[in-house]
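So the chains spell out like this:
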Protein chains: 2
Amino acid sequence: MASQAVTPQSVDFSKWYNEIVYKADLCDQSPVRGCLIIKPYGYELWEGIKGGLDRRFKATGHQNAYFPLFIPESFLKREAEHVEGFSPELAVVTIAGGKQLEEPLIVRPTSETIIMESFKNWIHSYRDLPILINQWANVVRWELRTRPFLRTTEFLWQEGHTAHATFEEAEAETMQMLDVYADFAITDAAIPVIKGKKSDREKFAGAMHTYTIEAMMRDTKALQSGTSHNLGQNFAKAFGITYLDEANQLQNPWTTSWGLSTRMIGAVVMTHGDDKGLRLPPKLAHYQVVIVPIYKNDDEKGAVMAAVQRMNAELLAANIRVHVDRREGQSPGFKFNDWEMRGVPARLEIGPKDVLNGTVALARRDIPGKEGKQFVSQEGIAARVIDLLSAIQANMLQQATVFRDQNIHDVTNYDEMKAIVERGGWARGWWAGSSDDEANIKEETGATIRCFPFDQPGGSGRCVYTGAAAERVALFSKAY
Amino acid sequence: MASQAVTPQSVDFSKWYNEIVYKADLCDQSPVRGCLIIKPYGYELWEGIKGGLDRRFKATGHQNAYFPLFIPESFLKREAEHVEGFSPELAVVTIAGGKQLEEPLIVRPTSETIIMESFKNWIHSYRDLPILINQWANVVRWELRTRPFLRTTEFLWQEGHTAHATFEEAEAETMQMLDVYADFAITDAAIPVIKGKKSDREKFAGAMHTYTIEAMMRDTKALQSGTSHNLGQNFAKAFGITYLDEANQLQNPWTTSWGLSTRMIGAVVMTHGDDKGLRLPPKLAHYQVVIVPIYKNDDEKGAVMAAVQRMNAELLAANIRVHVDRREGQSPGFKFNDWEMRGVPARLEIGPKDVLNGTVALARRDIPGKEGKQFVSQEGIAARVIDLLSAIQANMLQQATVFRDQNIHDVTNYDEMKAIVERGGWARGWWAGSSDDEANIKEETGATIRCFPFDQPGGSGRCVYTGAAAERVALFSKAY
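Residues numbered from 1 in each chain as written. Chains lettered and ligands numbered in written order. Predicted model: local features only at pLDDT ≥ 70, side-chain atom pairs only at ≥ 80, totals over all residues. Heavy atoms only, no water.

### Some remarks on the environment of V193 of chain B
Residue and element names in this part refer to chain B.
Here's step 1: Mapped onto the elements of the fold, V193 is located in the loop between helix 6 (167-188) and strand 9 (194-197).
Here's step 2: When the C-alpha atoms of V193 and A215 are compared, they prove to be 4.7 Å apart, with 22 residues separating the residues in sequence.
Here's step 3: When sequence neighbours within four positions are dropped, the list of residues in contact with V193 reads A182, A185, I186, I213, E214, A215 and R404. (Helix = DSSP H or I, 4+ residues; strand = E, 2+ residues; numbered from the N terminus. Contact = heavy atoms within 4.5 Å.)

### A word on the nonpolar core
Here's step 1: One finds F70, V107 and F119 of chain A together with F70, V107 and F119 of chain B to be the most contacted residues of the largest nonpolar core, which totals 82 residues.
Here's step 2: Residues in contact with F70 of chain B, not counting those within four places in the same chain, are V32, A91, V107, V140 and W142 of chain A together with V93, L105, I106, V107 and I114 of chain B. (Core = buried A, V, L, I, M, F, W, Y, C linked by side-chain atoms within 4.5 Å. Buried < 20%, exposed > 50% of the residue type's maximum accessible area, 1.4 Å probe, protein only.)

### Quick notes on the interface of chain B and chain A
Here's step 1: Taken together, the 49 residues of chain B in the interface contact 49 residues of chain A.
Here's step 2: Of the roughly 4000 Å² buried between chain B and chain A, counting both surfaces, carbon and sulfur atoms make up 65%.
Here's step 3: Taken together, the connections running from chain B to chain A amount to two salt bridges.
Here's step 4: The shortest N-O distance in the salt bridge between K58 of chain B and E47 of chain A comes to 3.2 Å.
Here's step 5: Linking chain B with chain A are 24 residue pairs in polar contact (both at pLDDT 80 or more), by the criterion used here. (Buried area = accessible area lost by both parts, 1.4 Å probe. Salt bridge = Lys/Arg side-chain N within 4 Å of Asp/Glu carboxyl O. Polar contact = N/O pair within 3.5 Å; in protein donor to acceptor, adjacent residues only side chain to side chain.)

### Digging into the pairing of strand 9 of chain B
Residue and element names in this part refer to chain B.
Here's step 1: Residues I194 and G196 of strand 9 are buried on one face, while the alternating residues K195 and K197, pointing to the opposite face, are not.
Here's step 2: One ladder, built from four bridges, connects strand 9 with strand 10 (residues 209-216); its direction is antiparallel. From the neighbouring strand, K197 faces strand 10, where its bridge partner is Y211.
Here's step 3: The sheet contact formed by strand 9 and strand 22 (residues 448-453) spans two bridges and is antiparallel. Across the sheet, residue G196 finds its bridge partner in strand 22, namely P453. (Pairing = 2+ DSSP bridges.)

### Some words on the sheet that holds strand 6 (residues 99-107) of chain B
Here's step 1: Spatial strand order, 4(A)-6(A)-5(A)-5(B)-6(B)-4(B): six strands in an open sheet with antiparallel pairing. The sheet terminates laterally at strand 4 (70-72) of chain A together with strand 4 (70-72) of chain B, the two strands that pair on one side only. Strand-to-strand, the axes of this sheet are offset by a mean angle of 45°, without reference to chain direction. (Axes fitted to C-alpha atoms, helices over the stretch in contact; angles between N-to-C directions.)

### A look at the environment of G52 of chain A
Residues and elements named next belong to chain A.
Here's step 1: Take G52: it is sitting in helix 2 (residues 40-59).
Here's step 2: C-alpha separation for the pair G52 and V344, spaced 292 residues apart in sequence, amounts to 18 Å.
Here's step 3: Other than its neighbours up to four places away in sequence, G52 contacts F184 and D188.

### Considerations on the relation of the copies chain B and chain A
One copy of the chain maps onto the second through a rotation around an axis plus a translation along that axis.
Here's step 1: When chain B is fitted to chain A, the best match, at an RMSD of 0.0 Å, comes from turning it 180° and sliding it 0.0 Å along the axis. What we have between these two chains is a two-fold relation. Rotation axis and chain B: the residue whose C-alpha lies nearest the axis is V93 of chain B, separated from it by 2.1 Å.
Here's step 2: Most of the interface of chain B is mirrored in chain A, where 100% of its interface residues are also at the interface. (Least-squares fit on C-alpha atoms with pLDDT ≥ 70 in both.)

### So, the sheet that holds strand 21 (residues 426-431) of chain B
Residue and element names in this part refer to chain B.
Here's step 1: With mixed pairing, the 11 strands of this open sheet are ordered in space as 3-7-8-14-11-10-9-22-25-21-20. Two strands lie at the open edges of the sheet, namely strand 3 (63-64) and strand 20 (408-410), each paired on one side alone.
Here's step 2: In the packing of helix 5 (residues 112-122) onto the sheet, contacts are made with strand 7 (131-140), strand 8 (154-164) and strand 14 (254-261), and the angle to strand 8 comes to roughly 30°.

### Overview of the domain arrangement of chain A
Residues and elements named next belong to chain A.
Here's step 1: Looking at the assigned domains, one finds that chain A contains domain 1 (13-272), domain 2 (289-398) and domain 3 (408-477).
Here's step 2: Its C-alpha centre places domain 1 at a distance of 39 Å from the equivalent point of domain 2.
Here's step 3: Taken together, the contact between domain 1 and domain 2 spans 13 residues of the former and six residues of the latter.
Here's step 4: Summing both partners gives a buried area of about 790 Å² for domain 1 against domain 2, and 62% of it is carried by carbon and sulfur. (Domains from an automatic or database assignment.)

### Describing the confidence of the model for chain A
Here's step 1: For chain A, per-residue confidence averages 96 on the pLDDT scale, and 99% of positions sit at 70 or higher.
Here's step 2: Model confidence for the complex: the whole-complex pTM is 0.96, and ipTM, which rates the interface, is 0.96. (pLDDT = per-residue confidence, 0-100.)

### Re the packing of helix 1 (residues 13-23) of chain B against helix 8 (residues 263-272) of chain B
Residues and elements named next belong to chain B.
Here's step 1: The interhelical angle for the contact between helix 1 and helix 8, taken along N-to-C directions, is 120°, at an axis separation of 11 Å. Looking at the two axes, helix 1 sits oblique to helix 8. You can see that helix 1 and helix 8 cross each other, and the crossing is right-handed. Each of F13, W16, Y17, I20 and V21 in helix 1 lies in contact with helix 8, whose residues at this interface are G266, V269 and M270. (Parallel < 35°, antiparallel > 145°, perpendicular 65-115°, else oblique. Left-handed = near helix turned anticlockwise from the far one by under 90°.)

### What to know about the packing of aromatic side chains
Here's step 1: Under the defined criterion, the tally for this structure stands at 36 aromatic pairs over all chains.
Here's step 2: Among the aromatic side chains, those forming a connected cluster through ring pairs are W46, F57, W136, Y181 and W258 of chain A.
Here's step 3: One residue, R78 of chain A, lies across the ring of F75 of chain A, its end atom 4.5 Å from the ring centre.
Here's step 4: The ring of W122 of chain A carries the charged tip of K39 of chain B above its face, separated from the ring centre by 4.7 Å. (Phe/Tyr/Trp six-rings, centres within 6.5 Å; stacked < 30°, edge-to-face > 60°. Lys NZ or Arg CZ within 6 Å of the ring centre and 35° of its normal.)

### Concerning the side chain of E19 of chain A
Residue and element names in this part refer to chain A.
Here's step 1: Its location among the elements puts E19 in helix 1 (residues 13-23).
Here's step 2: Lacking a salt bridge, the buried E19 has K15 as its closest oppositely charged neighbour, with an N-O distance of 4.4 Å.
Here's step 3: The contacts of E19, once residues within four sequence positions are left out, are A5, V6 and T7. (Lys, Arg positive; Asp, Glu negative; His and termini not counted.)

### Remarks on the pattern of salt bridges
Here's step 1: Here the structure, examined in full by the defined rule, presents 53 salt bridges over all chains.
Here's step 2: Among the ionic pairs, D366 of chain A bridges to R364 of chain A, the shortest N-O distance being 2.7 Å. The same class applies to D366 of chain A as to R364 of chain A, namely buried.
Here's step 3: Across the pair D410 of chain B and R428 of chain B runs a salt bridge whose closest N-O atoms are separated by 2.7 Å. On the criterion of sequence distance, the pair formed by D410 of chain B in strand 20 and R428 of chain B in strand 21 is long-range, its members being 18 residues apart.
Here's step 4: The class for D410 of chain B is exposed, based on a relative accessible area of 55%.
Here's step 5: One network of salt bridges, in which partners are shared, links D25, K39, D325, R327, K335, D338 and R342 of chain A.

### A closer look at the environment of G206 of chain B
Here's step 1: By secondary structure assignment, the location of G206 of chain B is in the loop between strand 9 and strand 10.
Here's step 2: Apart from the residues within four sequence positions on either side, G206 of chain B is in contact with E79, E81, H82, L231, N234 and F235 of chain B.

Structural data, given as structure tokens:
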């Protein structure tokens, strides 16, 4: 399946994406509207993402827990903005055990409300704070237009939920988890995300502040890849959560939440992929190296496979995630294409001549053709592969960073912004407009404020839309 | 919370269980009927179970994938026995995105039907077989009577689903996964499960054969702890799955499924727990050792904490999962009770005298009081703890095995069986009865056939119920 031609990115990026996720065997369509089947190769990528995040969550003192899938309808209604934001997208269980339920149950779109009800029982004194919880779970949002991984009716994610004694502690937690997301994205996924704050129009329903990591895809559109919310005391008040502080005064705690989902799979595909298929960063790739044996007859096979076994054992012993492609009846060329489609970072090819010469061909996925292929000694192969994987990881981040920076343009007025958004790219300009102004821009150009980046130029300028004095710049772009 | 008195097992085992799961901080009640909140300490135990199983699944060639939470109602109806078995327990989504759905969606009670629909698309030729998939997921069964971990409306589990070319291969897979479950239960959870086959009355709805691992709880009741089903061609035919065999003939594949759930947490609690709380087997325990520092003033604290840091570093370096209880304002006695309630296998106590003597007190949870406590040198503590943990793991399995074997009794007639079941224990006797006979026994005694154990005495005898000639023995017991 992987050898068929793909629509080039330059012809139709959207079509390229929709073809590639199936051809690379990441997922399959399901008979349930808007739901996706995550196939083993896609799920292995998700396991890599989970592993990288879970390790970081635990290192920062968080513990995993699990809360119910179902939320009583009345809970969702307690925080006014929250229910308004989510109510168009809810899936509702009305019948269970053969009977009509007295109170319908919502299939969780996110778990703030059900978790706040527990926090209410767990928090009594300042000594009970902070509470630092994470949950790995499935959630359901009934989206009208869905796309594999980017927007699906059901998706997998983690949602962190924490409670703190003060605004400052909650804000520090919100920032810490944004940093955790950014570190994961940059270090493991080789995606040079930009950290920033969402506008009021784009923030989470019920939040005080929402922070985001924004990634640029190969078509220059933005993908919101993870968000971290300071929920203020909104949910604590709506759920009547109180604690006695050290002065024996009753206080509401401050809560946060933060989430990252299977969308990240889409981010990896659209940040690194090319017309030959996926390109997986070595740190996330389930297989970091594939070995393709090359032979024409049983004699050759015997000698080649002996060398392959030796390489394989050596790489395994060095903790390299290696796979030997033992498929019979498929040509080496087919296998090369197949593993390129699946984005395996490095490939070893061993034929009869290599056996004689004690060499092996080592090809890297991030540099196409002959340039990316070298013939090296079988001796010391593990050390060489480790170096190569680390070079590939660095190069992929570098390529994506250069691409991103080439496609962010400073603009000083609305015409310039429109031209950039039209042509493709992110526009960076001073902003002092209102939520209505943002809505107008979205209406007219399709672009939204992705964030107010933390990395600000300093000083002040004139708002690109209203011309008013502005204290900060925003990034504008079309987005997934 | 952990220091309160617990109802002794001998007074009311059921009450003991219901108290212990909350006091040991494994879970909390939720506002949703029959759903449980799994708290961090309980979830860490589940992570241990998941890790032990997932490793074994991958080592036997299985890959994880993810299928939709929702199943179209029509799918469930395609396999007649299957829908009959599950229809009383279904939760049904009828409204989504603000609209009545044309076809209601079932929240999966198990995923055979939705996965078979994919297998139909993935299987065309004998070359596509076998397919070896596992899924970690939440499922929902609307139970009327629920108990923490043992029976909850929503629970977490894994469900394996595989397809094979022949009956023999499917049967071998079914057996292999039962062996994987048994190996996990015995080796990691120290639960001496008995492998066997379910009677037709007790088998999975839609299965050809169901195999089970049955564990004996401390009240001698049985807990079905994992099941593995040979589904024959039932589902393949119901879903129209076919493949071309090597002779180019159209065939239906043979499928299996196998599952183990958060019930296993209940099995660990009820196999090993005592009146002081949980007793966790070292291989599953999130904390294998806890260090409790003992001091009265800052001078003592300085010297003690220096020794504690040294011990901690040494144990961590040896890959022992260690935790230092640094809580201020709690007495050592409170901490000892707390960690005993939480079932941590070993405890190190270090006070000022120990610092002077270069010693440390090492207490084991599986042997109560002074007998289980020794004063040892701080020198070489890591090696000593490793040995102790391994001794505890072995002792817990040994204790549970002795208890199990003491409570299995051979019976030759129905009166003897009733007496055993009444008094508490499993009755082993020859069986040649019908499903109706089994139903009568359940009605009259509360006991069911737990399984026909693989370990059979050989020969033949007279059925304990009908007196007819019988070829195999069954295990009868009350069960959770």
